[in-house]
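What follows is the residue order along each chain.
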Amino acid sequence: PGKLREPFEELFGGARDQHLPLPTTAHLPPADLTFALVTDTHIGTKGYEAQYCHNWRVEEAFRQINGLGAEFVVNLGDIITTFPNKEEFEDQCRYAVELQKQCQPPLHLVPGNHDIGNQASLRVWDAAWAKRAKLPIDSMYFKDSYREMYRKHFGEDYYRFEKGGCVFLVMNNAVCNSGTELEKAQTRWLAAELGK
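What you are looking at is a predicted structure, and each value in this text was computed from that prediction instead of being measured.

**Quick word on helix α4 (residues 55-68)**
- When the terminal C-alpha atoms of α4 are compared, their 20 Å separation across 14 residues agrees well with the 20 Å that a helix rising 1.5 Å per residue should span.
- Following α4 by one or two positions, G69 adopts a phi angle in the positive range, close to 75°.

**Thoughts on the side chain of T41**
- Counting through the fold element by element, T41 comes out in the loop between β1 (35-38) and α3 (46-52).
- Sequence-distant contacts of T41, that is, excluding residues within four places in its chain, are made with V58, N75, G77, D78 and I79.

**So, helix α9 (residues 181-195)**
- Along its 15 residues, α9 runs 21 Å from first to last C-alpha, staying within 8% of the 21 Å computed at 1.5 Å per residue.
- Considered for burial, the residues of α9 that qualify are L182, E183, Q186, W189 and E193. Buried residues along α9 cover an arc of 125° about the axis, so they all sit on one side. Of the residues in α9, the exposed ones pointing more than 90 degrees away from the buried face are E181, R188 and G195.
- Buried residues along α9 sit against α8 (144-154), β4 (159-163) and β5 (166-170).

**Side note on the pattern of salt bridges**
- Summed over the entire model, instances satisfying the criterion amount to 11 salt bridges.
- Of the charged contacts in the structure, one is a salt bridge between E156 and R151, with a shortest N-O distance of 3.4 Å.
- For R151, a relative accessible area of 27% translates into the label partly exposed.
- One salt bridge in this structure joins E162 and R160, with 2.2 Å as the shortest N-O distance.
- For R160, a relative accessible area of 27% gives the class partly exposed.

**Quick look at the pairing of strand β2 (residues 72-75)**
- Side chains of β2 alternate between two faces, with F72 and V74 and V73 and N75 buried alike.
- In this structure, β2 lies alongside strand β3 (residues 107-109), joined through 3 bridges in parallel fashion. What sits directly across from V73, in β3, is L107.
- In terms of handedness, the path from β2 via helix α5 (residues 89-99) over to β3 forms a crossover that is right-handed.

**Details of a nonpolar patch on the surface**
- Together, F35, L37 and L76 make up a nonpolar patch on the protein surface, roughly 280 Å² of accessible area in all.
- Residue placement: L37 occurs in strand β1.
- With relative accessibility at 52%, the residue L37 sits in the exposed group.

**Things to note about the confidence of the model for the protein**
- When pLDDT is averaged across the protein, the result is 85; 84% of the residues are at 70 or more.
- Within the protein, the lowest mean pLDDT, 46, falls on helix α1 (residues 2-5), and the highest, 98, falls on β3.
- For the stretch residues 1-11, pLDDT sits under 50, and the model shows 15 contacts to residues farther than four places along the chain or on other chains.

**Structural notes on the packing of aromatic side chains**
- This model, assessed by the stated rule, comprises 8 aromatic pairs.
- Taking 5.6 Å as the distance between ring centres and 80° as the angle between the ring planes, the aromatic pair formed by F35 and F168 counts as edge-to-face. Of this pair, F35 sits in strand β1 while F168 is found in strand β5, placing the two residues 133 residues apart along the sequence.
- Residue classification places F168 among the buried positions, given a relative accessible area of 18%.

**Focus on the nonpolar core**
- Ranked by size, the top nonpolar core spans 27 residues in total, and within it I79, I80 and F154 carry the most contacts.
- Listed by contribution, the elements that provide at least two residues to this core are β1, α4, α5, α8 and α9.

Reading guide: rules and limits
Residues numbered from 1 in each chain as written. Predicted model: local features only at pLDDT ≥ 70, side-chain atom pairs only at ≥ 80, totals over all residues. Heavy atoms only, no water. Helix = DSSP H or I, 4+ residues; strand = E, 2+ residues; numbered from the N terminus. Expected span 1.5 Å × (residues − 1). Contact = heavy atoms within 4.5 Å. Buried < 20%, exposed > 50% of the residue type's maximum accessible area, 1.4 Å probe, protein only. Arc of directions from axis to C-beta. Salt bridge = Lys/Arg side-chain N within 4 Å of Asp/Glu carboxyl O. Pairing = 2+ DSSP bridges. Right-handed = clockwise from strand over helix to strand, strands pointing away. Patch = residues over 30% accessible without salt bridge, like charges linked within 9 Å, V, L, I, M, F, W, Y side chains within 5 Å. Areas by Shrake-Rupley, 256 points an atom, 1.4 Å probe, with all protein chains shown as cover. pLDDT = per-residue confidence, 0-100. Phe/Tyr/Trp six-rings, centres within 6.5 Å; stacked < 30°, edge-to-face > 60°. Core = buried A, V, L, I, M, F, W, Y, C linked by side-chain atoms within 4.5 Å.

Below, the structure is given as structure tokens:
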């Protein structure tokens, strides 16, 4: 209700409570496979929502996707709003799991930096952000403990799935170029999958 959405009232106004017409694919040629991509859903718990996220937009996106008849959906990352180093992280993960149940097609998740931490190679951007947020910079980087929290709520952080004769490979970008054992394991996995 209103209070949670107040900061961005000037951007959305009354439109936030109106449903858009459902999309159609009737004008398109038949497809062998139809799927939807969403990204940066930034789902947040109710108390946090007013600051940085709008769960109602995610609900509307899922309503639109459900009307399309897509065979599956991929969320390309930043499922939640906060970062793994914050106290509210697990609450937001739990809430995101519940909210995502509104998506009727199978939902495949890709970890983003909000979900699993940043690549350590993002030092310039991270330094400015950490200073503004008054956080130690290393708390923003990917850690095994962040990965475990992600996997607890959302499942594997790199994996494959198949649909319509196609193979989809999902990777954990946060470990790329890190030189860690996890990066090496993911690279071996990727090479093996591509070899198939």
